[in-house]
Number of protein chains: 2
Amino acid sequence: MNSETIRVTLNEDEMPKAWYNIAADFSKPMLPPVDASGKAVPPEALGAIFPMNLVEQEVSTERWIPIPDEVRHILYRWRPTPLRRAVGLERALGTPAKIYFKDESVSPAGSHKTNTAIPQAYYNKIAGTKRMTTETGAGQWGTALALGCKMMGIDLRVYMVKISFTQKPLRQLIMRTWGAECLSSPTTLTKAGRDVLARWPDTEGSLGIAISEAIEDAVSSPNTKYGLGSVLNHVLLHQTIIGLEAKEQFKKIGLYPDVIIGCAGGGSNFAGISFPFIADKIAGSSNPRVVAVEPAACPKMTKGVFAYDAGDVAMMTPLLPMYTLGHEYQPAAIHAGGLRYHGMAPLVSHARHEGLLEAMALPQVECFAAAMTFANAEGLIPAPESSHAIAAAIREANAAKEEGKEKTILFNLSGHGLLDLSGYQSYMEGRLIDHYFDDADLKESLACIKDLPKPPPGY
Amino acid sequence: MNSETIRVTLNEDEMPKAWYNIAADFSKPMLPPVDASGKAVPPEALGAIFPMNLVEQEVSTERWIPIPDEVRHILYRWRPTPLRRAVGLERALGTPAKIYFKDESVSPAGSHKTNTAIPQAYYNKIAGTKRMTTETGAGQWGTALALGCKMMGIDLRVYMVKISFTQKPLRQLIMRTWGAECLSSPTTLTKAGRDVLARWPDTEGSLGIAISEAIEDAVSSPNTKYGLGSVLNHVLLHQTIIGLEAKEQFKKIGLYPDVIIGCAGGGSNFAGISFPFIADKIAGSSNPRVVAVEPAACPKMTKGVFAYDAGDVAMMTPLLPMYTLGHEYQPAAIHAGGLRYHGMAPLVSHARHEGLLEAMALPQVECFAAAMTFANAEGLIPAPESSHAIAAAIREANAAKEEGKEKTILFNLSGHGLLDLSGYQSYMEGRLIDHYFDDADLKESLACIKDLPKPPPGY
């Protein structure tokens, strides 16, 4: 294999045996989760929501955490995923840059989300959990956890954000095929859902609302735990398998990326592709640029603030240190449902705070145009979320062309868009419009966090 | 890699460099296509429909036909496809058998059809074709040729069987994303379509009708050729890459399959997986069982006759020697749209005639039950067509269990079912019913061929 190889593959014995925990390598320690009074939340308190084996991962500062055999044997069914050179896209753009993407769409659920769904369901099984609840935005996470729970013999209820529930009936069918129950959120089954419906009767739903419902259900039901598809440390940990494989694959072809790009909703696919490369940055062995791409409709890192905020609308989670637009923010109904989240994972927020990555925000029409270019050049229809990474990669490739520079670009193709085609239809029919977060709304958007504890001064 | 390997992969330099042409190895030569008077149709006559470079492949008796570099470089994007051991399914069945499947669902169009779509579009491009027409049943072929034509810069119009057009709006969107035009067949744009609508106003459409429309369009439009997704020799030739890879993969793990199973609509995915193994049978180096699985609603090999018949309703194709239920037969609207074809590929028919394979017919409820078992055990939702191969593989695995025999079973997973979930919905809601071809209807079904030329006596 060399740089002319179209699809760089690895055998199953070359799949990483451990996940990489970036918390071990930060120069400053992470701020702890706190409660409303500002007091650090002890790990045991998280045991109401998650099994303790996952809580241990959540607070761990060990650099490497072994991937259990049973998890690896299931991941082998589609991992290691290919690292693909986008030769068609390079040609279409006429760029001297080499464009590579990690193809997470090959998972049976269609995205990177299975990387954490399988271990989460596994650790829950080990801990004796009989039933799980979760939320889903675009449907990728709900689908993935349905698969994970089916593999591990756990019942699952999914609260699916209303706008996606309506737009994506096939997603529900996949979850049902894998034995999960799927409801349109907000529901009237939870107090959180009823409260939201009373305040905003016409809401399209949001991840923040769905999370509240799923947590309330979990803490009030027997033998039930909650699973989150992004944001938390243990979720990002599981996703580092993406970047670890990519590093191994680049080694095989004698290259190293100059820039690494991922779309950023809650932060997990971005962390997955980038953290193992950021490790090299911290170690000083290399210095790639690392770029997180947010939707212009929900730009927490580029427009929000670094603060303590809740992970959900009803404030059922501990307060986490993160870039946020405020937990009551309900983003416009863009097609990239997986990016409609008010906050950014604490680990990614911390890395940004330490200057280890850049963030940019892109509007959805540019992203769908990029996705169409990619789909036609590469023959793979990306998820609307992934289109944000593609749009940024195309900007990089065009810049390389203007500068006449050979450059190696890596982005994460977090999932395929075969079940998200309504966005493409709107784009092709000229009906797609852009949504931007309005700077003037920031104060109102952050009002809900103004009385919460603050990060220590100087942090 | 060994027999414990979950996913047997090959690098791109291990992908076959040539397709295998079984016509070179038959003990008796194939019967030629003939016209209505029984006269052999010369290759040049096919030039009205196909470019001559594909016609040459159609009539070739060379054993190996090189795969052009440009075609291989596009196939590298997703090939070689994995050979996967279905450990979850084995466990669910408690069988001593080893079950392997070739995973053709990893193609960006979701099925094996890209294996011929890319070369067909390539050879058309080389020959100067500017526009192509085709038919599609379930939508897999139309999607695949849309991709092929996009890659080669050729315009495409797809006549999609009405029942699938209605059931699968996402399929149309994918074709449109890749730049193809997609129409519900029968249309009023062709004489063939208008004639059908006059005779059967409530028709759900069929592959035979859609083929007539696509051919009529091709022969009456400038610079336009027709592309067929199955049945013909050159199509089956391109699909042999599946079985050639599988043989290489079995070699890597030191195994050889005892039985090879494929679903059979027009015959191309079945031929693809099986012909390279049948070559070993003919050579006498091994003797696996080879099983073609038809839908009970359209059982041409198990209930039909070996005869000369047209490939389409309007009889625009030459007459081909094949197992058939008669070209006017319109199968029940089963969910496996890709298996709703009245005839079987001449190469497969000939192989059956020479005793090189078995055929069986299965009803769709058993097939969907098998698909659900597979989806839950393996985490991959198969196409309704592929479910027929899975159901037969499960029968084999259960037989192995009863006999207490270790046995190696190989089937072809021709595609995924992510865009065909309505069948799963019907199944889960208990609304799915079986359709059987009624023996009593055979005479009427074959009435349309009774005045056509017959194969020579003793053949």
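Since the structure is predicted, the reported quantities are computational estimates derived from the model, not experimental observations. (Residues numbered from 1 in each chain as written. Chains lettered and ligands numbered in written order. Predicted model: local features only at pLDDT ≥ 70, side-chain atom pairs only at ≥ 80, totals over all residues. Heavy atoms only, no water.)

Colleague: Would you mind going over the relation of the copies chain B and chain A with me for this structure?
Modeller: These two copies of the chain differ by a rotation about an axis and a displacement along the same axis. For these two chains of identical sequence, chain B goes onto chain A by a turn of 180° and a shift of 0.0 Å along the axis, with RMSD 0.0 Å. Taken together, the rotation angle and the small translation identify this as a two-fold axis. Every residue of chain B has its C-alpha some distance from the rotation axis, and the shortest such distance is that of Val106(B), at 3.3 Å. Here 100% of the contact residues of chain B are again contact residues in chain A; the copies associate through an equivalent surface. (Least-squares fit on C-alpha atoms with pLDDT ≥ 70 in both. Contact = heavy atoms within 4.5 Å.)

Colleague: What am I meant to see in the interface of chain B and chain A here?
Modeller: Across the boundary between the two partners, chain B contributes 43 residues, which contact 43 residues of chain A. Counting the surface chain B buries against chain A, the share from its top three residues, Arg7(B), Arg77(B) and Thr177(B), is 19%. Along the contact surface separating chain B from chain A lie four salt bridges. Across the pair Glu429(B) and Arg176(A) runs a salt bridge, and its minimum N-O distance is 3.1 Å. The tally of links from chain B across to chain A stands at 22 residue pairs in polar contact (both at pLDDT 80 or more). Every element with two or more residues in the side of chain B that touches chain A is listed here: helix H4 (87-93), helix H6 (140-152), helix H8 (169-177), helix H15 (364-378) and helix H17 (421-428) of chain B. Looking at the side of chain B that touches chain A residue by residue, the class counts come to 23 nonpolar, ten polar and ten charged. (Buried area = accessible area lost by both parts, 1.4 Å probe. Salt bridge = Lys/Arg side-chain N within 4 Å of Asp/Glu carboxyl O. Polar contact = N/O pair within 3.5 Å; in protein donor to acceptor, adjacent residues only side chain to side chain. Helix = DSSP H or I, 4+ residues; strand = E, 2+ residues; numbered from the N terminus. Nonpolar A, V, L, I, M, F, W, Y, C, P; charged D, E, K, R; others polar.)

Colleague: How do you make sense of the nonpolar core when you look at a structure like this?
Modeller: As a rule of thumb, soluble globular proteins bury nonpolar side chains together. Judged by nonpolar contacts, the single largest core of 243 residues is most densely connected at Val348(A) and Val348(B). What Val348(B) contacts, discounting residues up to four positions off in sequence, is Leu236(B), Gly267(B), Phe270(B), Ala271(B), Phe275(B), Met301(B) and Leu357(B). (Core = buried A, V, L, I, M, F, W, Y, C linked by side-chain atoms within 4.5 Å. Buried < 20%, exposed > 50% of the residue type's maximum accessible area, 1.4 Å probe, protein only.)

Colleague: So what exactly am I meant to see when it comes to the packing of aromatic side chains here?
Modeller: The description of two aromatic rings rests on the distance between their centres and on the angle between their planes. One pass over the full model with this rule turns up 22 aromatic pairs over all chains. Consider the rings of Phe101(A) and Phe411(A), whose centres lie 5.6 Å apart with planes at 20°: the pair is stacked. Here Phe101(A), found in strand S5 (residues 98-103), pairs with Phe411(A), found in strand S15 (residues 408-413); they are 310 residues apart in sequence, far enough to count as distant. Looking at Phe101(A), the relative accessible area reads 0%, which means it is buried. For Phe411(A), a relative accessible area of 0% corresponds to the buried category. Ring plane angle 75° and centroid distance 5.2 Å describe the contact between Phe101(B) and Phe374(B), whose orientation is recorded as edge-to-face. Placement of the pair is Phe101(B) in strand S5 (residues 98-103) and Phe374(B) in helix H15, with a sequence separation of 273 residues. The exposure classification of Phe101(B) matches that of Phe374(B), with both residues buried. Of the aromatic side chains, those joined through ring pairs into one cluster are Phe101(A), Phe374(A) and Phe411(A). Its guanidinium or amino end placed over the ring of Tyr323(A), Arg352(A) lies 5.7 Å from that ring's centre, counting from NZ or CZ. (Phe/Tyr/Trp six-rings, centres within 6.5 Å; stacked < 30°, edge-to-face > 60°. Lys NZ or Arg CZ within 6 Å of the ring centre and 35° of its normal.)

Colleague: What is the right way to look at helix H9 (residues 191-199) of chain B in this model?
Modeller: Along an α-helix, residues three or four apart share an orientation, since each turn contains 3.6 residues. All names here are of chain B. Along H9, the residues that are buried comprise Ala-192, Gly-193 and Val-196. One face of H9 carries all of its buried residues, which in axial projection span an arc of 100°. For H9, the elements touching its buried residues are helix H10 (207-219). (Arc of directions from axis to C-beta.)

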